[in-house]
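# Architecture at a glance
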Amino acid sequence: MITKDIEKALEVLKQGKLVAIPTETVYGLAGNACNETAITSIFALKQRPTTNPLIVHIKSIKDLEKVSENIPYKAYILAEHFWPGPLTLILPKKPEVSSLITAGNDTVAVRVPDHPMTIELLNKLDFPLVAPSANPYGSISPTSPKHVAGYFDSELEVILDGGACRIGIESTIVGFEKEEVIVYRLGSLLLDEIETLVGPVKLKNSTSANPQAPGMQEKHYAPNKQSYLTENVDQFLTLNSLSNAGVISFQSEILSPRISQQIVLSPKGDLKEASRNLYKAMHQLDLSSVDCIVFESMPKVGLGRTINDKLNRATTKKQ
Ligand code: AMP
Ligand code: MG
């Protein structure tokens, strides 16, 4: 049920059951990080392979040493600067962190989310929350309580209503190898912003070569409808003889009789606005009567790179 009742959410979480929580990135499917029944039920509800680890959400940097140890100084620099915010750090785990959370890895993913309701929850609980995104494995991430209800309404007693997500795409995942800073998943925090603080970073944002970052499955964030990514939508539709298409474009409306529905992500050409609107647009067209979804690729800078990376995983390659 969608509700703003934080007390009810606390009660459910203390019983070892799951609650959908708002964050600035996407909605999370949260449970008690210290309760293995809760952790197991997150994997079961999402139908997520247990080899794909979860993110631990803590209330402030002060709790970092409760879940991780041997923390590199660059991790502190980043955490102090960007938390609460869309930065997930991969750090050596404390022995007491369940290996169910970390999928058997000796590292744990941790972040402080930036949403007042979820911070209030964390402040009133004496355990951290584990929370992956609140969607079935591989499907479109939820950025509103309604999206979560579309997936899990009958399974969740509480979908905490914190409104539409302010950022709307996932956190950036950063780890450390020796002295190097590694970015495992492109997200809403930009590489430039990280590099300003800690120097050059290395991008290991791929799938097959990199089993250590399991968020990087090639097929992810995917609509049910056949979906494509292209730089030139009009030409793509003609070349592939597609009609009754749903189109998600960046800044300008694309004119073609082959398009039945179109969502322009940001008429003013702002990539932050485009990020915020992306998953909502995907949900909308996936539920509509179009036969396929065609995405126009974003400018290849900043957040545009992050969005293109997600769209690559959401679509079938065809040109
Ligand atoms: P999500 O399900 O969208 O919240 O994403 C959680 C993601 O965090 C996972 O899919 C992994 O990519 C990443 N992650 C969590 N723990 C680890 C870890 N120990 N090492 C590498 N990546 C991790
Ligand atoms: Mg996810």
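This text goes with the structure placed above it.
Counting starts from 1 at the beginning of each chain's written sequence and moves along it residue by residue. Just so you know, chain letters begin at A and ligand numbers begin at 1, following the order they were written in. Note on the predicted model: pLDDT of at least 70 is required for a residue's local features to be given, and 80 or more for side-chain atom pairs to be given and counted; whole-chain, interface and lining totals, by contrast, use all residues. Values shown for side chains rest on all heavy atoms present in the structure; no hydrogens or waters enter the calculation.

## With respect to the environment of Ala-30
Where we set the bar: In this text, helices come from DSSP runs of H or I with a minimum length of four residues, and strands from runs of E with a minimum of two, each type numbered from the N-terminal end. In what follows, a contact means two residues having at least one pair of non-hydrogen atoms within 4.5 Å.
Looking at the secondary structure, you find Ala-30 in strand E3 (residues 28–32). Separated by 100 residues in the primary sequence, Ala-30 and Val-130 have C-alpha atoms spaced 5.5 Å apart. Residues in contact with Ala-30, not counting those within four places in the same chain, are Leu-13, Lys-17, Leu-18, Val-19, Ile-21, Ile-42, Leu-129, Val-130 and Ala-131.

## As for the sheet that holds strand E1 (residues 2–3)
Sheet strands pair by backbone hydrogen bonding; their relative direction is either parallel or antiparallel. For clarity, the threshold we go by: DSSP-based pairing: two strands are paired if at least 2 bridges between them are found. Lines are fitted to the C-alpha atoms to define the axes, a helix being fitted only along its stretch in contact, and any angle between axes, read from their N-to-C directions, falls within 0 to 180 degrees.
Spatial ordering of the open sheet is given by E1-E8-E2-E3-E7-E4-E6-E5-E9-E10-E11, a layout of eleven strands whose pairing is mixed. Each having just a single partner strand, E1 and strand E11 (201–203) make up the two edges of the open sheet. Relative to strand E7 (residues 129–130), E3 runs antiparallel, the two being bridged by two bridges. Across the sheet, the residue bridging to Asn-32 is Leu-129, located in E7. On the sheet, helix H1 (residues 6–14) packs against strand E2 (19–21), E3, E7 and strand E8 (158–160) and is oriented at approximately 130° with respect to E8.

## Comments concerning the packing of aromatic side chains
This is how it is decided: Working definition: rings of Phe, Tyr and Trp (its six-membered ring) pair if their centres are within 6.5 Å, and the pair is stacked with planes under 30 degrees apart, edge-to-face with planes over 60 apart, and tilted otherwise. Accessibility here uses a 1.4 Å probe with only protein chains present; expressed as a share of the type maximum, an area under 20% marks a residue as buried, one over 50% as exposed, and anything in between as partly exposed.
Counted according to the given criterion, the structure contains three aromatic pairs. Pairing Tyr-151 with Phe-152 gives two aromatic rings, centres 6.1 Å apart and planes at 50°, and the pair type is tilted. Accessibility expressed as a relative area gives 3% for Phe-152, which makes it buried. For the pair Tyr-221 and Tyr-279, a centre-to-centre distance of 6.3 Å together with 20° between the ring planes defines the contact as stacked. Of the two residues, Tyr-221 sits in the loop between E11 and strand E12 (226–230) while Tyr-279 sits in helix H9 (residues 271–286), which places them 58 residues apart along the sequence. Under the relative-accessibility criterion, Tyr-221 is labelled buried at 2%.

## Comments concerning H1
Quick note on the threshold: By definition, the arc is the one covered by directions from the helix axis to the C-beta atoms. The definition of a polar contact used here is a pair of N or O atoms within 3.5 Å, where within protein one atom must be able to donate a hydrogen and the other to accept one, and adjacent residues in sequence count solely through side-chain atom pairs.
Looking at H1, one finds that the buried residues are Ile-6, Ala-9, Leu-10, Val-12 and Leu-13. Take H1 and look down its axis: the buried residues cluster within an arc of 165°, on one side only. Where H1 is buried, its residues touch E2, E3, helix H5 (116–124), E7 and E8. A distance of 3.2 Å separates the backbone nitrogen of Glu-7 from a side-chain oxygen at the start of H1, and that oxygen is part of Asp-5. Gly-16 sits one or two positions beyond H1 and adopts a positive phi of about 85°.

On their own, these measurements won't tell you what the molecule is for.
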